[in-house]
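Residues per chain, in single letters:
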Amino acid sequence: MTERSMQEPTLLLLTALADAPRHGYALIQEIAAISDGRVTMRTGTLYGALDRLLGQGLIEVAAEEVVDGRARRTYALTDAGRGALATEAERLRTVAAEAERRLSAAAVRPGVRGAFA
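Notes on the structure follow. (Residues numbered from 1 in each chain as written. Predicted model: local features only at pLDDT ≥ 70, side-chain atom pairs only at ≥ 80, totals over all residues. Heavy atoms only, no water.)

Here we take up the pairing of strand β2 (residues 59–67). Bridge analysis of β2 against strand β3 (residues 70–77) gives 8 bridges, and the strand direction is antiparallel. Following the sheet pairing, E64 is matched in β3 by R73. Turn length for the β2-β3 hairpin, with the two strands adjacent in sequence and antiparallel, is 2 residues, and the turn residue D68 shows positive phi of about 50°. (Pairing = 2+ DSSP bridges. Helix = DSSP H or I, 4+ residues; strand = E, 2+ residues; numbered from the N terminus.)

The following block contains the structure:
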């Protein structure tokens, strides 16, 4: 990953793979669960993202099998993917902590407004 933050689909996909390898349909379900139903990843979006993440070396194909006459790939996080996810999680924690600090400071000083309020 580069220094910029991850797009949400990438973050959700890597998070969904952090604890166990999963196939496409399971990833769609896991992403819906992680996002509390806020994100419904479409099949085309999912497989485009999986191809991109495979190319970046963040995930790998852990298994391929035929189920009901259809090929099914199971994807897993690579060490590079785990590192990228850990880095993004730390970045998000830092930003969230700063947001909470500033909100708390503003609550202590009622009536204080920003320059554009």
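What follows continues from the structure just given.
The next subject is helix α1 (residues 8–17). Within α1, 7 of the 10 residues are buried, which leaves the element mostly enclosed by the surrounding structure. Buried residues of α1: T10, L11, L12, L13, L14, A16 and L17, and no others. (Buried < 20%, exposed > 50% of the residue type's maximum accessible area, 1.4 Å probe, protein only.)

Moving on to helix α3 (residues 43–56). Here α3 spans 20 Å end to end across 14 residues, near enough to the 20 Å set by a 1.5 Å rise per residue. Buried within α3 are the following residues: L46, A49, L50 and L53. Buried residues along α3 cover an arc of 105° about the axis, so they all sit on one side. For α3, the exposed residues set more than 90 degrees away from the buried face come down to G44 and G55. Tucked into the core, α3 has its buried residues touching α1, α2 (24–34), β2 and β3. (Expected span 1.5 Å × (residues − 1). Arc of directions from axis to C-beta. Contact = heavy atoms within 4.5 Å.)

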